[in-house]
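Each chain is listed here by its residues.
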Amino acid sequence: MGRLLVSGAAAVLGLTMLTGAPTATARAVPLDGTFPSRIALPNGFQPEGIAIGPGPTAWFGSRADGDIYEVSLRTGRGRVISEGPGTPSVGLKSDRQGRLYVAGGASGTARVVDTDTGELLADLTLTTGTSFVNDVVLTRDAAWFTDSSQPQLYRLARTSRGPAASATTVPLTGDWVQGAGFGANGISTTPTGRHLLVVNSTSGLLYRVDPTTGAATEVDLGGASLTMGDGMLRQGRTLYVVRNRLNQVAVLRLSRDGLSGRLVRTITAADLDEGTSFDVPTTVARFGADLYLPNARFTTPPTPTTEYWVTKVRARAGS
């Protein structure tokens, strides 16, 4: 397989919105021009994934019904742009053609949504077995999805014209140990772009995966553990790994080949601005110098009135 390159996020969404879609109450933008540190999502939304465009626009998926919610990071205002199918929307990534790739959780599916119109472009069955299609990363020619219930990835070929009609299953082999509980969760690429990085939430191990064969090699983290590892974001040789129920983000410095890394800092609630907090953040995306993390609040029983929000923190907090 040729060199894998991380794709950019989608183009900034225009003004098209669905009439009558729920809107969260947003804080006013501070007079100094900084963006809100806390962005409200609709009550009962149950967020999980996030994707951010090249401009200050973000998209979130609902675990409750699969709705896709668009937010202006500048103002905090947003609306549902695509009504869900009644199954979850979990991990999200957007591309430069304005397409949002959505992991479907226990439904075993993946969807592709047009961020300009909200149109459903593709609805794909990745597996009919027991599954939890959890996260997704875009490379130059494919969307890669993890399955937390099975030791396998799903490769969906894509071009500038759109995704393929079906996906290929790639079993995880080599050093990979599935174990009990959640397995493969967050996914990214190595600094060279030639391999994938996958975290096992239960064991806390990080693996480098050959995208051609599925062979996994454990990454030497110098004894650091990534238990409860969820969504990941790589920027150059820096890898951010969200540790959901610990309310932390591990910040790792990777070797160029992705076979080793060291923990250089941990972002915690102490790094947050006044007025915001972590409550089981699940994944992370970046705009400018800031990281944005949706809070899934897994320890809070969900109701139609349960509040959910997005937390902003400086990317180098705690250094």
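Computed from a predicted structure; not experimentally measured. Numbers given for residues are sequential positions, taken from 1 along each chain in its written order. Only residues with pLDDT of at least 70 are given local features in this predicted model, and only at 80 or more are side-chain atom pairs given and counted; all residues enter the totals for whole chains, interfaces and linings. Computation of side-chain values covers all heavy atoms of the structure but excludes hydrogens and water.

Asks: Could you give an account of the pattern of salt bridges, naming the residues involved and the relevant values?
Replies: Salt bridges are counted wherever a side-chain nitrogen of Lys or Arg sits within 4 Å of a carboxyl oxygen of Asp or Glu. According to the stated counting rule, one finds seven salt bridges in the structure shown. Here Arg 158 ties to Asp 95 by a salt bridge, and the two come within 3.4 Å at their closest N and O atoms. On the criterion of sequence distance, the pair formed by Arg 158 in strand S12 (residues 152–159) and Asp 95 in the loop between strand S6 (92–94) and strand S7 (99–103) is long-range, its members being 63 residues apart. Any residue under 20% of the maximum accessible area for its type is buried, any over 50% is exposed, and the rest in between are partly exposed; the area is computed with a 1.4 Å probe on protein chains only. Judged by its relative accessible area of 7%, Arg 158 falls in the buried class. The exposure class of Asp 95 is buried, given its relative accessible area of 0%. Residue Asp 290 is joined to Arg 314 by a salt bridge in which the shortest nitrogen-to-oxygen separation is 3.6 Å. Note that Asp 290 is positioned in strand S25 (residues 290–294) and Arg 314 in strand S26 (residues 308–314), a separation of 24 residues in sequence. Among the ionic contacts, a cluster of salt bridges with common partners joins Asp 95, Arg 99 and Arg 158. Only DSSP runs of H or I covering at least 4 residues are called helices, and only runs of E covering at least 2 are called strands; the numbering of each starts at the N terminus.

Asks: Break down the sheet that holds strand S23 (residues 261–267) for me, with residues and values.
Replies: If you trace the four strands from one edge of the open sheet to the other, you get S20-S21-S22-S23, paired in antiparallel fashion. Each end of this open sheet is capped by a strand with a single partner; those strands are strand S20 (229–235) and S23. The sheet shows a mean angle of 25 degrees between the axes of neighbouring strands, direction not considered. Strands qualify as paired when DSSP identifies two bridges or more between them. By the bridge criterion, six bridges tie strand S21 (residues 238–243) to strand S22 (residues 248–254) in an arrangement that is antiparallel. Looking across to S22, one finds that Tyr 240 is bridged to Val 251. Axis angles are defined between N-to-C directions and span 0 to 180 degrees, where every axis is a line fitted to C-alpha atoms and, for a helix, only to the segment in contact.

Asks: Describe a positive patch on the surface, with residues and values.
Replies: There is a patch of like positive charges on the surface, built from Arg 194, Arg 237, Arg 253, Arg 256 and Arg 262. You can see Arg 262 is positioned in strand S23. By relative accessible area, Arg 262 is classed as exposed at 52%. Like-charged residues are merged into a patch within 9 Å and nonpolar side chains (Val, Leu, Ile, Met, Phe, Trp, Tyr) within 5 Å, provided each residue has over 30% relative accessible area and no salt bridge. Per-residue accessibility takes into account occlusion by the displayed protein chains alone, with areas from the Shrake-Rupley method and a 1.4 Å probe. Within this scheme the basic residues Lys and Arg register as positive and the acidic residues Asp and Glu register as negative, but His and the chain ends are omitted. Throughout, a charge is located at the NZ atom of Lys, the CZ atom of Arg, the CG atom of Asp or the CD atom of Glu.

Asks: Tell me about the pairing of strand S4 (residues 68–72), residues and numbers included.
Replies: Of all five residues in S4, four are buried, a share of seventy percent or more. Sheet topology places strand S3 (residues 57–62) next to S4; five bridges connect them, and they run antiparallel. Directly across from Phe 60, in S4, lies its bridge partner Tyr 69. Remark: five residues form the turn of the hairpin made by S3 and S4, two consecutive strands paired antiparallel; Gly 66 in that turn has positive phi of roughly 90 degrees. Sheet analysis places S4 next to strand S5 (residues 78–82), joined by four bridges and oriented antiparallel. Looking at S5, one finds that Ile 68 is bridged to Ser 82. Counted between consecutive antiparallel strands, the loop separating S4 from S5 contains five residues, among which Gly 76 sits at a positive phi close to 85 degrees.

Asks: Could you give me a rundown of the packing of aromatic side chains, with the residues and numbers involved?
Replies: Stacked, tilted and edge-to-face are the three classes applied to pairs of Phe, Tyr and Trp rings, where Trp contributes its six-membered ring and a pair requires centres within 6.5 Å; stacked means planes under 30 degrees apart, edge-to-face means over 60, and tilted covers the rest. Using the criterion set out here, one finds four aromatic pairs in the structure. Taking the centre distance of 5.7 Å and the plane angle of 55 degrees together, the rings of Phe 45 and Tyr 69 count as tilted. Linking Phe 45 in the loop between strand S1 (38–41) and strand S2 (47–52) with Tyr 69 in strand S4, this pair joins segments that are 24 residues apart in sequence. Neither Phe 45 nor Tyr 69 differs from the other in exposure class; each is buried. Between the aromatic rings of Phe 132 and Phe 182, the centroid separation amounts to 5.3 Å while the plane-to-plane angle is 45 degrees, which identifies the pairing as tilted. In this pair, Phe 132 sits in the loop between strand S9 (120–125) and strand S10 (133–138) while Phe 182 sits in the loop between strand S15 (173–174) and strand S16 (184–189), placing the two residues 50 residues apart along the sequence. Judged by its relative accessible area of 35%, Phe 182 is partly exposed.

Asks: Quick rundown of the environment of Asp 123? Include the residues and the values.
Replies: Along the polypeptide, Asp 123 turns up in strand S9. For Asp 123, a relative accessible area of 49% translates into the label partly exposed. Taking the C-alpha atoms as reference points, Asp 123 and Thr 109, 14 residues apart in sequence, are found 7.1 Å from one another. We call two residues in contact when some of their heavy atoms are within 4.5 Å. Excluding residues within four positions of it along the chain, Asp 123 makes contact with Thr 109, Ala 110 and Arg 111.

Asks: Explain the side chain of Asp 67 to me, using residue names and the numbers behind them.
Replies: Counting through the fold element by element, Asp 67 comes out in the loop between S3 and S4. Buried charge Asp 67 goes without a salt bridge, the closest partner of opposite sign being Arg 111 at 7.1 Å. Within 3.5 Å is the distance limit for a polar contact, defined as a pair of N or O atoms, with the added protein rule that one can donate a hydrogen and the other accept it, and that residues adjacent in sequence qualify only through two side-chain atoms. Looking at Asp 67, its side chain comes within polar contact range of the main-chain nitrogen of Gly 84, at 2.7 Å. With near-sequence residues (within four places) excluded, Asp 67 lies in contact with Phe 45, Phe 60, Gly 61, Ser 62, Val 80, Ser 82, Glu 83, Gly 84 and Ser 89.

Asks: Let's hear about unusual backbone geometry: which residues, and what values?
Replies: Note on backbone geometry: most residues besides glycine have negative phi, and most peptide bonds are trans. One non-glycine residue, Gln 46, adopts positive backbone phi at about 60 degrees. Inspection of the secondary structure puts Gln 46 in the loop between S1 and S2. Residues other than glycine seldom take positive phi values, yet Val 280 does so here, at roughly 60 degrees. Within the secondary structure layout, Val 280 lies in the loop between S23 and strand S24 (285–287).

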